[in-house]
Amino acid sequence: YDASTFYTSHLDISSQYMYATRQAARDDSDQPRGARAWTAKRGEQWVHDCELLFHFLDRDRSQTVELYELLVGMHAYGFELAPQELARRWAASGAPGTPEAGALDLEHFLNFLGQSSKDAGTRAEATHSLADAQVTGLENKGLLGVRPTQ
């Protein structure tokens, strides 16, 4: 790892973070309909944190998170989803296509993250969502079929 690689990586991450911060700070009237429902259910801070995460993961700035972006981001946060859990969450989010051939817009991303395993009927003892585990300090590692990476 040389200084040039480190500097370039730092600039790339800083630029993406600035982009995510600007996008998440937009006026609430721009929110998709689903974001308003999640605001009522989880609160404004949860939706804001998820929006920030969405835009940070959207490396190509396409306003969607493709499977590769999602998996790389989850890995960076220390999570791996079992393939069947990924497919289940994708289908339950209402996103078109399959994880391999589709992308999550913000509304579907919120649905993907907001599902609790209790709602899904798996590992009923876990009551927190994947987003809680990712967004609020990673305190819920190991829940919801999400395995911390080694």
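Look a little higher up for the structure.
To start, this report covers the structure provided alongside it. (Residues numbered from 1 in each chain as written. Predicted model: local features only at pLDDT ≥ 70, side-chain atom pairs only at ≥ 80, totals over all residues. Heavy atoms only, no water.)

## Quick notes on the overall build of the protein chain
When helices and strands are tallied, the protein chain shows eight helices and four strands. Start at the N end of the protein chain and walk to the C end: the helices and strands fall as α-α-α-β-α-β-α-β-α-α-α-β. Looking at the protein chain as a whole, 39% of its 150 residues are labelled buried. Of the roughly 8,100 Å² that the protein chain leaves accessible, carbon and sulfur atoms contribute 56%. (Helix = DSSP H or I, 4+ residues; strand = E, 2+ residues; numbered from the N terminus. Buried < 20%, exposed > 50% of the residue type's maximum accessible area, 1.4 Å probe, protein only. Areas by Shrake-Rupley, 256 points an atom, 1.4 Å probe, with all protein chains shown as cover.)

## Observations concerning the packing of helix H5 (residues 83-93) against helix H6 (residues 106-114)
Helix-helix packing: each pair is described by the crossing angle between the helix axes and the interaxial distance. Taken N-terminus to C-terminus, the directions of H5 and H6 make an angle of 130°; their axes are 8 Å apart at the nearest point. By the angle class used here, H5 and H6 are oblique. You can see that H5 and H6 cross each other, and the crossing is right-handed. Of H6, the residues touching H5 (which contributes Leu86, Arg89, Trp90 and Ser93) are His108, Asn111, Phe112 and Leu113. Broken down by class, the residue content of the contact of H5 with H6 amounts to four nonpolar, three polar and one charged. (Axes fitted to C-alpha atoms, helices over the stretch in contact; angles between N-to-C directions. Parallel < 35°, antiparallel > 145°, perpendicular 65-115°, else oblique. Left-handed = near helix turned anticlockwise from the far one by under 90°. Contact = heavy atoms within 4.5 Å. Nonpolar A, V, L, I, M, F, W, Y, C, P; charged D, E, K, R; others polar.)

## Quick word on the environment of glutamine 115
Mapped onto the elements of the fold, glutamine 115 is located in the loop between H6 and helix H7 (117-120). Look at glutamine 115 and you get buried, because its relative accessible area is 10%. Here arginine 89 takes part through its backbone oxygen, which lies 2.9 Å from a polar atom of the side chain of glutamine 115. (Polar contact = N/O pair within 3.5 Å; in protein donor to acceptor, adjacent residues only side chain to side chain.)

## Some words on the environment of glycine 34
Looking at the secondary structure, you find glycine 34 in helix H2 (residues 33-42). Judged by its relative accessible area of 9%, glycine 34 is buried. Taking the C-alpha atoms as reference, glycine 34 lies 8.6 Å from leucine 106; in sequence the two are 72 residues apart.

## Some thoughts on the pattern of salt bridges
Evaluation of the coordinates by the stated rule reveals three salt bridges. Between glutamate 85 and arginine 89 there is a salt bridge, with the nearest N and O atoms lying 2.8 Å from each other. Pair noted here: glutamate 85 and arginine 89 are both in helix H5, with a separation of four residues, about one helical turn. Taking the relative accessible area as the measure of exposure, arginine 89 reaches 0% and is therefore buried. Connected through shared salt-bridge partners, Glu85, Arg88 and Arg89 make up one network. (Salt bridge = Lys/Arg side-chain N within 4 Å of Asp/Glu carboxyl O.)

Everything listed here is a matter of coordinates, which is why it stays silent on function.
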